[in-house]
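Spelled out, the chains give:
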Amino acid sequence: MSYPDVKTAEEFFEYVIKERNSSPCPFLPEWERTYREHCNKVAKNAQKIASLTPDMNPELCFVMGLLHDCGRIKDEKAENRHHGWVGYQLMSSKGWNDIARICITHNFYEKEFDINNYPIINDDVVSCQKFLSQIKYNDYDYLMQLTDVLNDMGRDCTIEYRFSSLAERYPIKQEQMAHFANIIKTRLSYFNAKCNCDIYELLGIK
């Protein structure tokens, strides 16, 4: 298996938090709380949707959700890093290639993106772009993009709410946010059909 079991993933999740908190740029208490809640909710929501989706592994989806943001072991702003690439390198070093991939793909809704539209351009983002040029998105990539968006700092939410919240935190143009929201709406419709249910209703989102 190129991913850990749930127990190992949970232990590694705690390791990520411990390492971040022992660094020169630790989580503030509120950041740690929302990080924990977001990752755990994404994990549970991904597992729930996968359990209703043919040919998907619910345990794998739980682990992907829990560790999708493991790149937060580094402080992006202070260290000029991108958590997607940091997570990819971290998971690759463990041999967990299924998770490494998700660390990148959950951040980029389009494989062929214009790097000039990205709010932070650094070597990590360039590395992510090169990685994406070599793969084809699959249902696991789509599901993690969707479940990441459907939770804002630990609170399950609509697509519109999530992108409104992101717009307040990141210097992304309004039209670009609207474009991203439309892409995720296609992911939502896709899994509504695959699951034969309303994902919002399944997750209790109003």
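Residues numbered from 1 in each chain as written. Predicted model: local features only at pLDDT ≥ 70, side-chain atom pairs only at ≥ 80, totals over all residues. Heavy atoms only, no water.

The interhelical angle for the contact between helix α2 (residues 29–50) and helix α8 (residues 139–149), taken along N-to-C directions, is 130°, at an axis separation of 9 Å. Looking at the two axes, α2 sits oblique to α8. Of the two possible hands of crossing, α2 and α8 adopt the one that is right-handed. Judged by residue contacts, H38, V42, N45, A46, I49 and A50 of α2 engage L143, M144, T147 and D148 from α8. Class assignment for the residues of the contact of α2 with α8 results in six nonpolar, three polar and one charged. (Axes fitted to C-alpha atoms, helices over the stretch in contact; angles between N-to-C directions. Helix = DSSP H or I, 4+ residues; strand = E, 2+ residues; numbered from the N terminus. Parallel < 35°, antiparallel > 145°, perpendicular 65-115°, else oblique. Left-handed = near helix turned anticlockwise from the far one by under 90°. Contact = heavy atoms within 4.5 Å. Nonpolar A, V, L, I, M, F, W, Y, C, P; charged D, E, K, R; others polar.)

The tally for this structure, following the rule as stated, stands at 16 salt bridges. Across the salt bridge formed by R20 and D75, the nearest N and O atoms sit 3.1 Å from each other. Pair noted here: R20 is in helix α1 (residues 6–21) and D75 is in the loop between α3 (58–67) and α4 (76–79), with a separation of 55 residues, a long-range link. For the pair R20 and D75, a shared accessibility class is recorded, and that class is buried. Between R72 and E76 there is a salt bridge, and its shortest N-O distance comes to 3.0 Å. Through salt bridges with shared partners, one network takes in D148, D152, R162 and R169. (Salt bridge = Lys/Arg side-chain N within 4 Å of Asp/Glu carboxyl O. Buried < 20%, exposed > 50% of the residue type's maximum accessible area, 1.4 Å probe, protein only.)

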